[in-house]
Amino acid sequence: MKRLIGRLLIAVLALGALVAAGCGGSDNDNTTSSGAAAAGTSTSKAAQDVDLTQGSGLTIAMVTHSDEGSFWSVVKKGAEQAAKDEGVKLIWSPSNNDPQKQAQLIDAAISQKVDGLAVSVPNADAIKGSLAKAKAAGIPIVTLNSGAEDFKALGAITHVGQTEEIAGKAAGAKLKEAGAKKVLCVIHEQNNIGLQQRCQGVKEGFGGDVTNLQVKGTADIATTQTEIKSKLQADKSYDAVMTLNPDIASAAKTAIKGASSSAKLATFDLSGQLIKDIQAGSVLFAVDQQQYLQGYLPVVFLKLYKTNANTVGGGLPVLTGPGFVDKSNAATVAKLAQDGTR
Amino acid sequence: MGAAPGGAAPAPVPIADERLTKISTTARILRRPELGALLAALVVGIFFTTQNSLFAKLDGIANWTDVGSTIGIPAVVVALLMIGGEFDLSSGVITGSAGLMMGILAVEVGMNIWLAIVLTLIAAAGVGFVNGYMVIKTKLPSFIVTLATFFILEGVNLGVTKAITNQVSVDGIDTAPGYSSANKIFGGSFWHPHDYRVTVLWWIAITAIATWVLTRTRVGNWIYGVGGDANAARNVGVPVARVKIGLFMTTSVVCALTGIMIALRLASMQAGQGVGDEFTFIISAVVGGCVLTGGFGSAIGASLGALIVGMAFIGIQFSNWNTDWRFLFLGVILLVAVLVNNYIRKRAEGIRG
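Residues numbered from 1 in each chain as written. Chains lettered and ligands numbered in written order. Predicted model: local features only at pLDDT ≥ 70, side-chain atom pairs only at ≥ 80, totals over all residues. Heavy atoms only, no water.

### Remarks on the nonpolar core
Most often, soluble globular proteins have nonpolar side chains that are buried together. Rules: Here, nonpolar core refers to any group of buried Ala, Val, Leu, Ile, Met, Phe, Trp, Tyr and Cys residues whose side-chain atoms link them within 4.5 Å. Throughout, exposure labels follow a simple rule: accessible area from a 1.4 Å probe, protein chains only, divided by the maximum for the residue type, with under 20% read as buried, over 50% as exposed, and the rest as partly exposed. Only DSSP runs of H or I covering at least 4 residues are called helices, and only runs of E covering at least 2 are called strands; the numbering of each starts at the N terminus. Should any heavy atoms of two residues lie within 4.5 Å, those residues are considered in contact.
In terms of nonpolar packing, the biggest core is built from 120 residues, with Leu117(A), Phe48(B), Met102(B), Ile113(B), Leu264(B) and Ile308(B) touching the most fellow members. Here this core gets 14 residues from one element, more than from any other, and that element is helix α11 (residues 240-266) of chain B. The residues contacting Phe48(B), other than those within four sequence positions of it, are Phe55(B), Met311(B), Ala312(B), Gly315(B), Ile316(B), Ser319(B), Trp321(B) and Ile333(B). In terms of nonpolar packing, the next biggest core, distinct from the first, is built from 27 residues, Ala82(A), Leu90(A), Val142(A) and Tyr305(A) among them.

Encoded structure:
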């Protein structure tokens, strides 16, 4: 038995070493890393929503439906930088598109008595119970990324994100400016309401002929590419293609070449390859929702609310997009993308 | 025996049969399949308490028992099935199917939620029956049969949900008649303000029932028998087909019940819910002492395995470790738990005799 316990201890120590190695980075990003200190500052929180005597030493939890992909890693970077700049402690809890896990992680953050809660809301029903509990515990909430329609009903101070239709409108106007006459809007996920809204926005902003094309999607780029190519071959009058995802934009680029079409190409969202394509001139522009801000601003807003009783947005969402990346700023953005902030 | 005719029985001679030899209490305890899991759970629990004292407080415990419960309820029946020598890869996705079916019946069809729950459980029993029947009739490995069921259900979940709701989820389950009473029993919480989930009580109850069945009933013996050696079991008169089909049906029904609990709690269900969870259930059973070849394991062990997963999941959040490494931590913790368990069992077997 003694030998066994010895081995168990070794296993635990090894695990502890691993943990220490893994956490080194995030601990350095936060000014206070001791859980006890954070708990101590928030003892009176249940009594009143705003305690203006609190300075830094606040703890803010960001519980998102993040999948750790390239998009969300930029959000995380923004939140970490804001935590550093504001001198608050950040708890970053991704939930991999699992609404049950997200609700459980929000519950856990409430037990940790955090001072502010930033959540993305892809599914309001699933987390509204947990958010009501946070509200009852006097924890202020800011929604981010998705949730522009729900943030008020959920009792959040404000929402930080891009509304799809406004972004689409701006993109449509930009295509018109570039002299396009007939636009093909490529939808890569069936029944994703956000994508429908983007194309609807493009149509309104463009004010001309916009056709939606439903394609197979990112899981089968080869077929998607053939679908776009066939469409362009069948109707030579398309002089612009709008995609809603950088991978689909790559497929469309090849499709345009394959169909010997001279259509201009523009897209939503960024990728490293895409920035190169913009610099090379094969892609006109990318609509950028600047998700770095979606991580950064909620932390700042919650700190301001807790320390200065400020609210932002005047009851409307705070828009992080659309920003545009085209030839004029592609070089700058490329450098920033390498640092993981764009 | 029968060597003692007449009244004067000789004093009991040392029995040659090794199955009847006396086993020391230590060895008997060490040989329990769940002992390793218990020790591993303690190690993981103490470890996370040292990271953040909240972990061992009532509020913190409410969090990780909640996560443990929705893993543990299905893990217990998955363990029974594994002891019976079979797998069910559709056990994760059926939680999603059940939630969606109940949601669609209640929201789109307008049924009372209780009726929707009953119909959903009946449908789940049907799925389990098909799984079991196919495995018995075709003699294909249950891996293959239930993998097919997994894909079929995943397709049905997305296809049917989209066709009916025009979305990838069913929302507004809390508006259906009968919701509040059903939610109180399946999805609610108790012990305000710590808010322990009612699923934790279900978890304890289902673990207790499964343990009783396994250790105190004839069916329990049959389950160990068909998992250990189906032919030998058949030869001594165990209804192998009925036991296995029954196990598949129980697994489906209890997994569906878990899905119903999740759907009621969230008041909505996404088409992708539960996909991949089957591996969490299986790993919980394995951490708890089940072996992949069947015939060995326990229900309490599987529950402890689920508890470890729940503790690791919430413990990582409480400790505020960099979540980029979350799955690495989870994997290491599970591996340590399995190794501890294996080590103890090997030692116990060495002590035997």
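Having seen the structure, we can now continue with the description.
### Side note on a nonpolar patch on the surface
All names here are of chain B. The condition that has to hold: Patch members must show over 30% relative accessible area and no salt bridge, and they are joined within 9 Å when carrying like charges or within 5 Å when they are nonpolar side chains of Val, Leu, Ile, Met, Phe, Trp or Tyr. The accessible surface values rely on the Shrake-Rupley method and a 1.4 Å probe; as for residues, cover is taken only from the protein chains in view. We define a salt bridge as a contact between a side-chain nitrogen of Lys or Arg and a carboxyl oxygen of Asp or Glu at a distance within 4 Å.
Judged by side-chain polarity, Met101, Leu115, Val118, Leu119 and Ile122 come together as a nonpolar surface patch covering roughly 410 Å² of accessible area. The element contributing the most residues to the nonpolar patch is helix α5 (residues 113-138), with 4 residues. Counting through the fold element by element, leucine 119 comes out in helix α5. Residue classification places leucine 119 among the partly exposed residues on the basis of a relative accessible area of 32%.

### A look at the pattern of salt bridges
Charged atoms that come close allow side chains of opposite charge to pair. Residues and elements named next belong to chain A. For the coordinates displayed, the defined rule picks out 19 salt bridges over all chains. With its nearest N and O atoms 3.5 Å apart, the salt bridge here joins lysine 133 to aspartate 107. With lysine 133 in helix α5 (residues 124-136) and aspartate 107 in helix α4 (residues 99-111), the pair connects residues that are 26 residues apart, well separated along the chain. Residues aspartate 288 and arginine 342 are paired through a salt bridge, measuring 2.6 Å at the closest nitrogen-oxygen approach. Taken together, the positions of aspartate 288 in strand β10 (residues 285-288) and arginine 342 in the segment after α12 (330-339) put the pair 54 residues apart, joining distant regions of the chain.

### Description of the sheet that holds strand β2 (residues 89-94) of chain A
Note the following rule: Between any two strands, pairing holds if DSSP finds at least two bridges.
Read across the sheet, 6 strands follow the order β2-β1-β3-β4-β5-β11 (chain A) without closing on themselves; strand pairing throughout is parallel. Edge positions in the open sheet fall to β2 and β11 (318-319) of chain A, since each of these has one partner strand only.

### A short note on the sheet that holds strand β6 (residues 182-187) of chain A
Residues and elements named next belong to chain A. Rule in force here: For helices, the fitted axis covers only the stretch in contact; all axes are lines through C-alpha atoms, and the angles between them, taken along N-to-C directions, range from 0 to 180 degrees.
Spatial strand order, β7-β6-β8-β9-β10-β12: 6 strands in an open sheet with mixed pairing. Only two strands of the sheet have a single neighbouring strand rather than two, namely β7 (209-214) and β12 (323-326). On average, each strand axis in the sheet is tilted by 20° relative to the strand beside it, whichever way the strands run. The pairing of strand β8 (residues 240-243) with strand β9 (residues 264-268) spans 4 bridges and is classified as parallel. Directly across from valine 241, in β9, lies its bridge partner leucine 265. Helix α8 (residues 221-234) contacts β6, β7 and β8 of the sheet and is inclined by roughly 145° relative to β7.

### Observations regarding the packing of aromatic side chains
Residue and element names in this part refer to chain A. Selection rule: Aromatic contacts are taken between Phe, Tyr and Trp rings whose centres are within 6.5 Å, Trp giving its six-membered ring; a plane angle under 30 degrees counts as stacked, one over 60 as edge-to-face, and the others as tilted. Here, a charge over a ring means that NZ of Lys or CZ of Arg falls within 6 Å of the ring centre while also lying within 35 degrees of the ring normal.
Tallied over the entire structure, the rule returns 16 aromatic pairs over all chains. Directly above the ring of phenylalanine 285 sits lysine 174, whose terminal nitrogen or CZ lies 5.7 Å from the centroid. Here the guanidinium or amino end of lysine 174 rests over the ring plane of phenylalanine 324, the centre of that ring lying 5.0 Å away.

### Remarks on the pairing of β10(A)
Residue and element names in this part refer to chain A. The cut-off we apply is this: Crossovers are marked right-handed if the path from the first strand over the helix to the second runs clockwise, as seen with the strands pointing away from the viewer.
Because side chains alternate across β10, one face comprises the buried residues Phe285 and Val287, and the other comprises Ala286 and Asp288, equally buried. Judged from the 3 bridges that link them, β9 and β10 form a sheet pairing that is parallel. Of the residues in β10, the one forming a bridge with threonine 267 is alanine 286. On the question of chirality, the crossover connecting β9 to the parallel β10 by way of helix α10 (residues 272-280) is right-handed. The sheet contact formed by β10 and β12 spans 4 bridges and is antiparallel. Note on β12: the bridge partner recorded for alanine 286 is valine 325.

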